Structure formats: C-alpha cells, structure tokens
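Below, each chain spelled out in residue letters.
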Amino acid sequence: MNTPFRKQPLIARISGPFQLLFIFMLTGLLLLSLARLTLGGWQHERVLAVIDWYTFLLQGLRADLIIIALWLVPPAILAPFWARKKYQRSWWIFTYSWSLLGFILLIFIELATPGFILQYDVRPNRLFLEYLRYPKEVFSTLWNGFRGFFVGGMLLTLISGLLIARGLYRTKSSFHYWLDTRLWLTWPLVILALFAAIRSTTDHRPANPALFAITSDPLVNSLIINSSYSVLYAAYSLKHEAHSSDVYGQLPRADIINIALDWPWLKSYEFRSHQYPTLHEQISTKPRVKPLNLVIILEESLGATFVESLGGLAVTPELEKLKDEGWWFENLYATGTRSVRGIEAVVSGFMPTPAQSVVKLSLAQQNFFTLAGLLSERGYHTQFIYGGEAHFDNMRGFFTGNGFSDVVDLEDMPAPTFVGSWGASDEDLFTTAHQQLTQLHQTRQPFFSLIFTSSNHAPFEFPDGRIALFEQPKQTVNNAVKYADYALGNFMRSARASEYWQDTLFLIVADHDNRVYGHHLVPIEKFHIPALVVGADIQPQRIHPVASQIDLGPTLLSLMGITSVHPMPGRDFTQDMHSPGRAMMQFEDYYAVMEQERVTILKPDQTAVAAHYNAQSRTLSLDRQPPTPASVKRALANVLLPSLLYRERRYSNVDHPASINVTKVNR
C-alpha cells in the first residue's frame, strides 16, 4: 500500500497513517463552514442585526472543531496499537469507513437543517432525537408537508456520499505508515490537540452550546454552532435531566421552596408537609352538593397568533363567539413549546424545566400528581380522547400510570371520515368525544375527559368543503386553524344541546402556539395563548392579570366545587382575581419569569437578563441594567423547584389532610 516517500502527496507525507482522518478534519471544517455561510446568507437580516460576519464565522469554526475532534477521538486512541504496517490493510479500511460515515452524518444533518429551521426556527436539537422515536408519524409529516426538503436532502446525501467515497478511496495508493517510534512520539501530540479542540477554552468549564449563545437571537446562536454538535449535545444532556435546572445556578433547598412559594395567592395556605413541600389544602370557593364534571379541550398549536381579539388573525370566529359566554383569559401564557409541556402544565399543574416534560421522564410514570389521579379518588371516570395514536410522546404511558382509567384513540374510533398524518380529523375526534360524554353522563358517574386535537399540526391536513379557506393553497396553518375552530364550534353547539352540559365544566386551551420563534432570547408574544372556561352555571368574566397554564388546574377545581389537598402551586383565580400575575416560560436553553410586564430571563451560563414586555405592541425590550438579585433568585427558585420535586419524587397525588397534617389558615 505504501509508495516511495518522494512520490507521495504532501498531505500523505505530513499525516502518515492519520491521512484519512486529517482529510476528514480539513474537509469537514470546510463543509460545515460552507453550510453555515449558506444558512447565514439565507437568514442574513437576522444575522447582521445582532452579529458581524467575522465573529459569526470564526465562532462557528471553533464549534466545528469541537464536533470534528470528538469524531476523531476513537481512531486516535486506537492508533498506536492499530496504525502500524503489519495491520495496514485493516487500519486503512477502518479509517476509510469511519471517515466516510462521519461525512455522511455531517452532510445529512446539515441538509435536514433548513426544513427544521422552517418549522422550529432553530437548528436540529433534542426534538430531532425525540421525533426519531416515532418514524411513522414523522415520515408521514415529512412526506406530506416537507417532501421537497426530504427527497432533496436524501438524494444530496446519497450523491455526496458516493463522491466522497470515491475521493477517499484514491488515498489508498498513497497511504504511508510511520515507524513505531515516530507513531508513539506523535500520538500524545495528537491526543493533546484533540483535547484542546474539544475543550475549546481555558476556562473552568469546557465549551458547550451556551458558550456560543452570544447574541439576543436564539436562531442566530444556533446557526453559530453546527447541527451535529447541537444534536450530540442534546443527546448527552438527556442523562442529566433530573439536574437540568442547575445550569442556571443553585440555591439552598430551603430558599428554593420558600421563594418559589412566595406568591400573593399562596399566602392563605400553610405548607407543612416535609415530604411534599408544595402540598396544601385548597378549599373551593364554589361549594356544590354535586361537583361538576370536567372536560378539557387541549387545542393543538392554537396560539394568540390566531385569535383576533388577542392581537392575532381572524381565523377563529367560533372561539371569538364563545369567549363572551365564560371566563376568558386575556393574558395567559404557555409554559413551553411542545404539546407534552402543555399537558404537564394543564393536567398536572407542574412548572416547566429545561428537561423533557415529565410526560416522558421515568420517575413521573407512576404516583405523579394529575387532575385525573385526584378526581379518580373522588369516584370520577377519567378519560383521554385523542384522534391519533396515544403512544405518541409517551402520552398513553404517562396517563395510564397517573390516574387515567380509559384511553380512546384512533383505533377506537368507528369509521372516521378523514384520517391524516396525525390521525383522525377534529370533527371525527369531537364526534367520538360527544358520544363518549353522552354515555358517561347516562351512567350518572362523574367524569373527567381530556380531549386533545391534532388537525392544526403540520402538514395541516383536513377535509375539503368544510370552511371558506382563509388563503391559498389549502394546506396552510391559517386554514388548518380555521378548520379546527370550525370543528370546535360544532362540538360546543352539540354539547350545549346535550344533557351533560348543565353538569359539566369545559376548559378550552392551547397546548402552545404554532412555530414558536422570534428575534428575542424568549419570544414571549409566541407564548401567549387563549383559554376559556364555559359550561354549567359559569358567568362571563374577563381575566386580566398575567396567568400561566399552571394556574388552570387550581381554578378548575374551585369552579367544580371540589375541596382537595394537592401539590399544584398555581393560582386559584376564584380566590384572587386582582393580584399582579406571573408566568413561567421555558424556551430552548432559556427560562423566563414574567411578572406582569417585568421579565427575568435566566441563561445557561448562569447569567440573567432583565427585560420588559409590552403586551399591546407584543414586543420585548431588554434593559441596559441586569436584573436585581431578588428577581434572579425568584426566577431561579421557580425553575429549581420542579426539578427538585421531580428528582425527589415529591409531586405525588396525596389527598389525605389528616395524615399529612396540612391545614388552611389565613395569614
């Protein structure tokens, strides 16, 4: 395999048995830089608004060195034992295969990036990994909504792989091996160089994606790094889920609990359980001889963006009509950007963290508090109704392990009229739900049903002829929202005419907005969502203070007429309608606490930013001065508390006041 030394190319003479790895490094850096330059050119207005090209590309090169060096570590470690003349054939095959695989992965993930950015306004991250667990749904979505990106990306990856394979193969004739002495003397230098590239800093902590978050625009920060590094770090971070909030800083345990529970609406409660720090007794302000049934309609991606009276487009006329018939939350904010985050907030009253939603986390699969668990102990039939496959995002596992006795999904729907990538249409879903609720009411057993819609989900498929399209072509988010609103309106009319209406409380709320993105560290305007409580004897009312999804559970229990002991730290708006509100929001690696218009944003490098949010103009302005230490502590306590409760399994469904010695007192 060796050729005379003088006839070898310069790169072969310099790199010897590391030739293919050296080529991988140089070519990989070039490819990633070109990809970054292309993406930066595509988003040039946002890039140039917050950073110059020199810094953008130079910091990107630094991030590229990290991922390239990480890929080269395994062969580098093996080199002294394998990269020797007597093993020359197998070493060349290994480094050839390893380099080719590295190129294919880099190219594939970079080619997948534009489509991911269009959907999530950020490079591939943990979501990229999570969706790989559901190939059927993801493939259907890609094929129906992103076919061009999908087919083009696969073809370009294949063509690029073949061309690179040919190029790398040509090195076989010039491959050169060193004497063992030279190999052993060079090896420590190679390892040291890779270590320095991976660490990328002389600071106390090695580099991570947060080090490259040097602008106020999350998209630009993600463009600075590369997609392979983003995905790999997300995979690495999964093992640190239980302590994920520690990236923002730490506080003593007592401070976490005391500060996080120091809100005006919680001052009338006494928290005396050492085992369950947030457990307290909530006495209903609407006592009833027979508590109401509960139906929660969780609307997929229905943000304020699509509600005209909340500053959005006029594509939800049915919801606009309904809002004058019940409690209408004008300033409610989602806790995150995923459906499972909305589920944990609405169904469990659990605060957000940088970790995955508890719907997916192992320690929350049993004995974790949910409204279903509490109500099932009160004799309620508890049910989840979904038009798709309930195993998606581990919903079935979480629900059945935490109080839901019945799951109705696509397989249980008799002859749905329209089935898209994500399951049956919202009309089919609501038809099934109406049948289920009618049957449950006839049994005279109280019930709680969670209905989760899916028509407003990319690729936005819905039946023809139902609505006057808002725009062309048909399969757009605005048309899908209008159809979802149409289906909701039909269901609510059927429910109002039913026998179960007078005994049932309905909550209509979004899980999150569609495509949450923006130019700010936390695009607060995209967290704004509608929420409406109607049914039974509910009188119209406008809720003006800032509110969070975690406030809905306590408010619903009170309106239902249920006094209970639970761990939800949210606000019961039947008791306190006037105190200034607050909302917690998790966005990518940033955590925000908004107290009316004042916002404190925690960053993963343990620094914080102060800002003000103008709800009328839907704009966030960063303050020149940092937030006060008290504001930072409050925000930090509120992100550390849910991590603590999850890690120690202190957020359980306990409803026995006497046994835990918890009482309600006025103070």
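Here, every reference points to the structure presented above.
What comes next is a walk through the structure.

Rules used in this analysis
Residues numbered from 1 in each chain as written. Predicted model: local features only at pLDDT ≥ 70, side-chain atom pairs only at ≥ 80, totals over all residues. Heavy atoms only, no water. 1 Å grid on protein atoms, 1.4 Å probe; cavity = no way out; pocket = protein on both sides within 12 Å on 5 of 7 lines; lining within 4 Å. Points joined across faces, edges and corners; volume = space filled by probe spheres on them. Core = buried A, V, L, I, M, F, W, Y, C linked by side-chain atoms within 4.5 Å. Buried < 20%, exposed > 50% of the residue type's maximum accessible area, 1.4 Å probe, protein only. Contact = heavy atoms within 4.5 Å. Helix = DSSP H or I, 4+ residues; strand = E, 2+ residues; numbered from the N terminus. Pairing = 2+ DSSP bridges. Salt bridge = Lys/Arg side-chain N within 4 Å of Asp/Glu carboxyl O. Polar contact = N/O pair within 3.5 Å; in protein donor to acceptor, adjacent residues only side chain to side chain. Arc of directions from axis to C-beta. Axes fitted to C-alpha atoms, helices over the stretch in contact; angles between N-to-C directions. Parallel < 35°, antiparallel > 145°, perpendicular 65-115°, else oblique. Nonpolar A, V, L, I, M, F, W, Y, C, P; charged D, E, K, R; others polar.

Over the atoms a probe the size of a water molecule is rolled, and this reveals where empty space is left. Going through the model one piece at a time under the given rule, you end up with five cavities of 30 Å³ or more. Volume-wise, the largest cavity comes out at about 70 Å³. Taken together, F418, G420, S421, W422, G423, A424, S425, S454, S455, H457, P459 and E461 make up the full set of residues lining the largest cavity.

What follows is about the nonpolar core. The biggest cluster of nonpolar side chains holds 147 residues, and the ones touching the most others in it are I296, F384, F448, F491, M492 and V509. Every residue in contact with F448, bar those within four places of it in the chain, is listed here: L294, I296, L371, A372, L375, Y380, H381, T382, Q383 and F404. Counting 46 residues, the second-largest nonpolar core is a separate cluster that includes F94, L106, F212 and Y229.

Further remarks concern the pairing of strand β10 (residues 528-534). Side-chain positions along a regular strand alternate between the two faces of the sheet. The buried count for β10 comes to seven of seven residues, which makes it a mostly enclosed element. By the alternation rule, side chains of β10 split into H528, P530, L532 and V534 and I529, A531 and V533, which are all buried. Looking at chain direction, strand β9 (residues 504-510) and β10 are connected through four bridges and run antiparallel. Across the sheet, residue V509 finds its bridge partner in β10, namely A531.

Here we come to the pattern of salt bridges. Tallying each qualifying case throughout the model produces 26 salt bridges. In this structure, R46 and D121 form a salt bridge, with 3.0 Å as the shortest nitrogen-oxygen distance. Residue R46 is located in helix α3 (residues 44-50), and its partner D121 is located in the loop between α5 (88-120) and α6 (126-131); the two are separated by 75 residues in the primary sequence. Both residues of the pair, R46 and D121, belong to the buried class. A salt bridge links E344 to R341, with the shortest nitrogen-to-oxygen separation between them at 2.7 Å. In this pair, E344 and R341 are both assigned in helix α14 (residues 339-348), three residues apart and thus about one turn of the helix distant.

Further remarks concern the environment of W82. Examined against the element boundaries, W82 turns out to sit in helix α4 (residues 53-82). Expressed as a C-alpha distance, the spacing of W82 and F94, which sit twelve residues apart in the sequence, is 9.8 Å. Beyond its immediate sequence surroundings of up to four residues, W82 is in contact with Y87, S90, W91 and F94. Polar contacts involving the side chain of W82 include one to the side chain of S90, which spans 2.8 Å.

Here we take up helix α12 (residues 253-260). An α-helical segment advances 3.6 residues per turn. Residues three or four places apart therefore align on the same side. Every buried residue belonging to α12 is among I256, I257 and A260, and all of these are buried. Along α12, the residues classed as buried sweep out an arc of 90° about the axis, all on the same side. Looking at the buried positions of α12, the neighbouring elements they touch are α20 (629-647).

The next subject is the packing of α12 against α20. Contact geometry of α12 with α20 gives a least axis separation of 8 Å together with a crossing angle of 105°. Our classification of the angle between α12 and α20 gives roughly perpendicular. Counting all contacts with α12, which are made through R253, D255, I256, I257, I259 and A260, the residues of α20 involved are K633, R634, A637, N638, L640, L641 and L644. A per-class count over the contact of α12 with α20 returns eight nonpolar, one polar and four charged.

Just geometry here; none of it tells us what the structure is for.
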